[in-house]
Amino acid sequence: MTSLFELREKIKNFYGEHEIVLRSIMKFLATFISFVLIKSNIGYMSVLNAWWIILVMAVICAFLPWSAVTIILAADIVVNIFSVSVELGSVILLVMLIMFLLFFRFSPKQGVLLVLVPLAFFLKIPYAVPIIAGLIWAPYACVPVIFGTIIYFMINIVSKNTMVAEQISGGKISSAGFDSITNLISNDSRMILVILAFVLTILVVYFIKRMSVDNAWTIAIFTGGILEFVVIMVGILILKTEGSLLEIIIGSILSIMIAFIVQFFVFSVDYSRTEHTQFEDDEYYYYVKAVPKINVTAPEMNVKRINAQRRKKNQGKKLK
């Protein structure tokens, strides 16, 4: 176990030394994958979805704040949909504007979640995001998580609805196709179910991890993972929506594992050395519980060169 903590310290030190470069690389990878997913699902405008355009845009986004990155990705989605239907593009644009107005009002610093949620859905690990959001951020993280979920379902409905393919004529969606898509988006019960599960998970995880009990983060992770699974499964049975039991089980297990990895790097404490103290002032009594962090200093290797000394000794013997 000590070797794992030593590895963690080495990774954290390496990240601290190269933080600017590593953040840019991670942002580049996240935006590049996002552009590729947009291209593969709703890449209706060939000019925007040329590989060199995607690469250039990802490089530019690597040096921009997350809030700007989310706006660029949203614009890419809207323009692609506008190319096949002005009406549908207008609806998507209106929804995006409302979401961004609320997003910049309540949680402008959590733009990374707007990108991570759709990515997590496409990578089949969406249940990890609300658990991690509850561990690291406050309840206002619900706002970008909700909007990220809506963005994913809008992309998914437009790209996978078979009625769209049947009603495209000359590269444009007919009015009947437009109505069917907007109805699907506004009446998608599975989207509402997932949003409900994610919001409950964020709130429960956040409040449990703030409790003054031993292993609060571990309890929060398990509770959040089980809560997500139960809410989604019960919702699927009640609403009779589509959903793969095996996919939900595997996704929940993977999400819990990812959350524990995050906990390992962010919040590692030694509850066996917990200390309790109390003191007072003129108005209050204070009861303090102090839990020390687990800090392991990586051993430094000192290499001592002895070749030069051996050469001097050999030379001295030859002279004699």
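Cut-off values and rules
Residues numbered from 1 in each chain as written. Predicted model: local features only at pLDDT ≥ 70, side-chain atom pairs only at ≥ 80, totals over all residues. Heavy atoms only, no water. Helix = DSSP H or I, 4+ residues; strand = E, 2+ residues; numbered from the N terminus. Buried < 20%, exposed > 50% of the residue type's maximum accessible area, 1.4 Å probe, protein only. Contact = heavy atoms within 4.5 Å. Areas by Shrake-Rupley, 256 points an atom, 1.4 Å probe, with all protein chains shown as cover. Expected span 1.5 Å × (residues − 1). Phe/Tyr/Trp six-rings, centres within 6.5 Å; stacked < 30°, edge-to-face > 60°. pLDDT = per-residue confidence, 0-100. Salt bridge = Lys/Arg side-chain N within 4 Å of Asp/Glu carboxyl O. Patch = residues over 30% accessible without salt bridge, like charges linked within 9 Å, V, L, I, M, F, W, Y side chains within 5 Å. Lys, Arg positive; Asp, Glu negative; His and termini not counted. Charge placed at Lys NZ, Arg CZ, Asp CG, Glu CD. Axes fitted to C-alpha atoms, helices over the stretch in contact; angles between N-to-C directions. Parallel < 35°, antiparallel > 145°, perpendicular 65-115°, else oblique. Nonpolar A, V, L, I, M, F, W, Y, C, P; charged D, E, K, R; others polar. Core = buried A, V, L, I, M, F, W, Y, C linked by side-chain atoms within 4.5 Å.

A short note on the overall build of the protein chain
Right, so step 1: Within the protein chain one finds 14 helices and four strands.
Right, so step 2: The burial tally for the protein chain puts 39% of its 320 residues in the buried class.
Right, so step 3: Restricting to contacts in the protein chain with at least 6 residues of sequence separation, those with at least 24 account for 70%.
Right, so step 4: Counting only carbon and sulfur atoms, one obtains 66% of the accessible surface of the protein chain, whose full area is about 19100 Å².

Observations regarding helix α11 (residues 189-209)
Right, so step 1: The end-to-end C-alpha separation of α11 is 30 Å, in line with the 30 Å expected for 21 residues at 1.5 Å each.
Right, so step 2: Along α11, the positions that sit buried rather than exposed are Met191, Leu193, Val194, Ile195, Ala197, Phe198, Thr201, Ile202, Val205, Tyr206, Ile208 and Lys209.

Things to note about the packing of aromatic side chains
Right, so step 1: Under the definition given, this model contains twelve aromatic pairs.
Right, so step 2: Taken together, a centroid distance of 6.5 Å and an interplanar angle of 40° make the contact between Phe32 and Trp51 tilted. Taken together, the positions of Phe32 in helix α2 (residues 19-42) and Trp51 in helix α3 (residues 51-61) put the pair 19 residues apart, joining distant regions of the chain.
Right, so step 3: Every member of this aromatic cluster is reached through a ring pair, and the members are Phe121, Phe122, Tyr127, Tyr152, Phe153 and Phe198.

Comments concerning the side chain of Thr31
Right, so step 1: The residue Thr31 is located in helix α2 in this model.
Right, so step 2: On the basis of relative accessible area, Thr31 is assigned to the buried category, the value being 0%.
Right, so step 3: If near-sequence neighbours (up to four positions away) are discounted, Thr31 is found in contact with Ala58, Cys61, Val69 and Leu73.

Brief notes about the confidence of the model for the protein chain
Right, so step 1: Scored by pLDDT, the protein chain has a mean of 79; 79% of the residues are at 70 or more.
Right, so step 2: Element-level mean pLDDT values for the protein chain span from 47 in strand β1 (residues 168-169) up to 92 in α11.

Digging into the pattern of salt bridges
Between side chains of opposite charge, a pair can form as their charged atoms come close.
Right, so step 1: For the coordinates displayed, the defined rule picks out one salt bridge.
Right, so step 2: Glu19 is the partner of Arg23 in a salt bridge, and the nearest nitrogen-oxygen pair spans 3.0 Å. One end of the pair is Arg23 and the other is Glu19, both in helix α2 and four residues apart, which spans about a single turn.
Right, so step 3: What makes Arg23 partly exposed here is its relative accessible area of 48%.

Some thoughts on helix α7 (residues 128-136)
Right, so step 1: Of all nine residues that make up α7, eight are buried, and the element is covered over most of its length.
Right, so step 2: Among the residues making up α7, those that are buried are Ala128, Val129, Pro130, Ile131, Ile132, Ala133, Gly134 and Leu135.

Considerations on a negative patch on the surface
Right, so step 1: Judged by side-chain charge, Glu280, Asp281, Asp282 and Glu283 come together as a negatively charged surface patch.
Right, so step 2: Along the chain, Asp281 turns up in the loop between β3 (275-280) and β4 (285-290).
Right, so step 3: Of the residues examined, Asp281 reaches a relative accessible area of 36% and is grouped as partly exposed.

Focus on the packing of helix α4 (residues 66-82) against helix α6 (residues 111-122)
Right, so step 1: Between α4 and α6, the shortest axis-to-axis distance is 7 Å and the interhelical angle comes to 45°. If you check the angle between α4 and α6, you find them oblique. On the side of α4, the interface is formed by Trp66, Val69, Thr70 and Leu73, while α6 contributes Gly111, Val112, Leu114 and Val115.
Right, so step 2: Residues belonging to the contact of α4 with α6 are distributed by class as follows: six nonpolar, two polar and no charged.

Examining the nonpolar core
Right, so step 1: One finds Ile77, Met96, Val145 and Ile151 to be the most contacted residues of the largest nonpolar core, which totals 54 residues.
Right, so step 2: If one sorts the elements of this core by residue count, helix α8 (residues 142-160) sits on top with eleven residues.
Right, so step 3: If we ignore the near neighbours within four places in the chain, the residues touching Ile77 are Ile38, Ile42, Met96, Ile151 and Ile155.
Right, so step 4: Ranked by size, the runner-up nonpolar core spans nine residues in total, among them Val205, Trp217, Ala220 and Ala259.

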